[in-house]
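# Understanding the architecture of this molecule
Here is how the chains run, residue by residue.
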Amino acid sequence: MNLSTPQIDELAGAIRLGLVPLSRPVPMTPVEWADENFYLSSESSYQEGRWETLPFQIAILNAMGNDEIRTVNVIKSARVGYSKMLLAASAYQIEHKRRNILLLLPTDGAAAGFMKAHVETMIRDVPSIYALAPWYGKKHRDNTLDTKRFSHSKQLWCLGGAAAKNYREKSVDTIIYDELAAFEPDVEKEGSPTFLGDVRIQGSTFPKSIRGSTPKIKGTCQIEAAASESPHLFRLHVPCPHCQAEQFLKWGGKDCSFGIKWDPESPVSAWYVCEHNGCVVQQHEMQDQHAKGRWICEKTGIWTRDGLDYFNAEGDVIPTPDSLTFHIWTAYSPFTTWGRVVLDFYKAKDDRNKLKTFINTTLGETFDEDEGDKVEWETLYGRREVFPQIPARAVALMGGIDTQDDRYEGRVWAFGAGEEKWLVHRFILHGDPASEELRRKVGLEIHRQFTRPDGLVMKVERWCWDSGGHYTDEVYAESRKHGITWVIPIRGANTYGKPIANMPRTRTKAGVYLTEVGTDNAKELIYSRLRLPIDTARSQAGDMQPGAIHFPANDDICDESELKQLTAETKRLKIAGGQRVYRWEANGKRNEALDCLVYALAALRISQQRFGLNLDAIDPGNPDTQPNDERPRVQSSYWRK
């Protein structure tokens, strides 16, 4: 049989394709492969042409293809070439490693767009991948909008992560989550996307999970959560070109002595100030140092230069980590200038939504929803005032006691008209909370008397005492001992949105009025009032400032620790029962001062709602509201009984 030249060529091509599964290429690292094979397509790149891995990209790209690393998280900003690194890693895995890949994006629409704009153009422009795609440009069962099946029988799926069905019935070696922070946290109530997706790689000899994203909201961001599960967080430390001291690049900010700085008259002339010796560094000088940089883990101190070999702090070779996280942001990128970054900041700084975008996409950091409303302890410390222990405008005292495993802490707050309030006393009693001696000392504090400037002797109107934890019976006993409507055991409500205090009409079997406290609502109110400004001139004149919270310039009552505890908590968005709800969290910080204020506020609400206390009707500044000359010289509803 005589064959024509085209027939011979076609037969040779078919034979080559048939032999592809049997061939074994010379091992290459992902960076070596990408620099030799990868190409930037014109439709999806700022500049078309051959790929060249930048120094700061080397470790990330190598880690994406390192078989010894199972999980790679990348927290990133815009303009760092992440999408192209992801494509290069995928092409490397398909052609060189011969792996099946499941690429997930937040939605089906995003997946279809990514397949068209990035994957299909990559197949067309990367010769080694194109050689595995004889169906390219044709209608073929191996060439669909969500699946590409190559001639060596390996597949790439590109699907939306919002549908649970897209995670099922796929056995893959590598799973990639692009823009993980935009995924639904609970995929059709079947679990988190990383939980559902990582199940698909469990049977692989070389399982790989790559998660990358620009971060979003602090406390609820999924790439932040994924990174927190990793024992290693790497940042690129580069030597200062002048003093050679290593540092990772920081934004700095106006109150920081190092980081990116600029002349307000000419923001585009931005430079960098070395945090070690104050050296002034230009962008091109710092970029010249990237090749000398080391990715150092801020949790463990281990480091790598290339994502392949890892060392401990002493420089000894160590086993490759199983899971790691990289953080990279715009300051490292040659695709923009530091001056451009500063201009972007100027455009965003006065608009909360734009500032959020700047923090996420330029700094590569999560945005704290409470940032604009956060109460800083330094602000409160700086506005402390000098006033009598019991201010002249105070009409009632309320107390809160917090129970800890080794102490009782209490605070007394004075309240005036308009719920203006002053911190007037603090006690911290260490010891065994179950002991008679410690409880005796608390009893003395409960009965402590205070004197107002006009000579009126006052006792605390009502106490709320934390009965949670291990000392419930002891708190109940103290309530019965001192007065069941005067010392009230409380517990925090488990449901968000409960009223600040909900005192029952009847006693429990233990003989006390165990009261549920809506701590979330109480903290919401407290933080809103902490943000109210204090007019010192009005304070000195004795004028009322409704809702204002005053702190004494007395370290025995109100020192730095007190105000740090008072401002320790932040509000976080959580998923509870399938619903998104906000929760106040201290994140491991001490918060006894805040808890005591919550309890004192609950005592105020009980006094108002159940015992008829009207702060506005007993204003010391108004003679018409004062009791007559026959009033008792000790003022307390409990004491009068």
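Below or above, wherever it landed, is the structure these notes cover. (Residues numbered from 1 in each chain as written. Predicted model: local features only at pLDDT ≥ 70, side-chain atom pairs only at ≥ 80, totals over all residues. Heavy atoms only, no water.)

### Describing helix α13 (residues 436-446)
When α13 is considered as a whole, its buried residues turn out to be Leu438, Arg439, Val442, Gly443, Glu445 and Ile446. Along α13, the residues classed as buried sweep out an arc of 160° about the axis, all on the same side. Summarising the geometry of α13, the exposed residues directed more than 90 degrees from the buried face are Glu436 and Leu444. (Buried < 20%, exposed > 50% of the residue type's maximum accessible area, 1.4 Å probe, protein only. Helix = DSSP H or I, 4+ residues; strand = E, 2+ residues; numbered from the N terminus. Arc of directions from axis to C-beta.)

### Re the side chain of His232
Mapping His232 onto the fold places it in the loop between α8 (222-228) and β9 (233-239). On the basis of relative accessible area, His232 is assigned to the buried category, the value being 12%. Among the polar contacts listed, one links the side chain of His232 to the side chain of Thr300, at a separation of 3.2 Å. In contact with His232, not counting residues within four places along its chain, are Cys297, Lys299, Thr300, Ile302, Pro321, Ser323, Leu324 and Thr325. (Polar contact = N/O pair within 3.5 Å; in protein donor to acceptor, adjacent residues only side chain to side chain. Contact = heavy atoms within 4.5 Å.)

### Description of unusual backbone geometry
At Glu169, a residue that is not glycine, the phi angle is positive and equals roughly 55°. Structurally, Glu169 is set in the loop between β6 (155-160) and β7 (174-178). Judged by its relative accessible area of 78%, Glu169 is exposed. Of note, Gln244 is a non-glycine position whose phi angle comes to about 70°, a positive value. The topology assignment puts Gln244 in the loop between β9 and β10 (246-248). Overall, the relative accessible area of 42% leaves Gln244 in the partly exposed class.

### Concerning the pairing of strand β11 (residues 259-263)
Relative to strand β12 (residues 266-273), β11 runs antiparallel, the two sharing 4 bridges. What sits directly across from Gly259, in β12, is Val273. Here β11 folds back onto β12 in antiparallel fashion, the turn holding 2 residues. (Pairing = 2+ DSSP bridges.)

### A look at the packing of aromatic side chains
Considering all chains together, one arrives at 22 aromatic pairs under this definition. Taking the centre distance of 5.8 Å and the plane angle of 75° together, the rings of Phe38 and Trp51 count as edge-to-face. Taken as a pair, Phe38 in the loop between α2 (30-37) and β1 (39-40) and Trp51 in the loop between β2 (49-50) and α3 (58-65) lie far apart in primary sequence, 13 residues in all. A relative accessible area of 1% means that Phe38 is categorised as buried. Summarising the aromatic geometry, the rings of Trp262 and Tyr346 are spaced 6.1 Å apart at their centres and angled 70° between planes, so their arrangement reads as edge-to-face. Of this pair, Trp262 sits in strand β11 while Tyr346 sits in helix α10 (residues 338-348), and the two are 84 residues apart along the sequence. (Phe/Tyr/Trp six-rings, centres within 6.5 Å; stacked < 30°, edge-to-face > 60°.)

### With respect to the pattern of salt bridges
Applying the stated rule across the entire model yields 33 salt bridges. The salt bridge involving Glu409 is made with Arg590; its shortest N-O contact spans 3.1 Å. Here Glu409 is found in strand β20 (residues 407-415), whereas its partner Arg590 is found in the loop between β29 (579-585) and α18 (592-611), with 181 residues between them in sequence. By relative accessible area, which is 0% here, Glu409 ends up buried. Here Arg590 falls in the partly exposed class, since its relative accessible area comes to 44%. Shared partners join several salt bridges into a network, and the residues in it are Asp406, Arg407, Glu409, Arg411, Arg426, Asp559, Glu562, Arg590 and Glu592. (Salt bridge = Lys/Arg side-chain N within 4 Å of Asp/Glu carboxyl O.)

### Some details on the sheet that holds strand β13 (residues 280-281)
Spatially, β11-β12-β13 is the arrangement adopted by the 3 strands of the open sheet, whose pairing is antiparallel. Unpaired on one side and paired on the other, β11 and β13 mark the two borders of the sheet. Pairing analysis gives 2 bridges linking β12 to β13, with the strands arranged antiparallel. By the bridge assignment for β13, Val273 is matched with Val280. In the packing of α10 onto the sheet, contacts are made with β11, β12 and β13, and the angle to β12 comes to roughly 115°. (Axes fitted to C-alpha atoms, helices over the stretch in contact; angles between N-to-C directions.)

### Details of the sheet that holds strand β24 (residues 462-466)
Pairing is mixed across the open sheet formed by 7 strands, whose spatial order is β26-β25-β24-β19-β20-β21-β27. Strands with a single pairing partner mark the edges of an open sheet, and in this sheet they are β26 (515-517) and β27 (549-550). Sheet analysis places β24 next to strand β25 (residues 487-492), joined by 4 bridges and oriented parallel. By the bridge assignment for β25, Trp465 is matched with Pro489. Taken strand by strand, α18 contacts β19 (396-404), β20, β21 (421-430), β24, β25 and β26, and its axis lies near 135° from that of β19.

### Remarks on the side chain of Arg294
The residue Arg294 is located in strand β14 (residues 294-297) in this model. Among the polar contacts listed, one links the side chain of Arg294 to the side chain of Glu246, at a separation of 2.6 Å. Apart from residues lying up to four places away in sequence, Arg294 is in contact with Arg235, Leu236, His237, Glu246, Trp303, Thr304 and Arg305.

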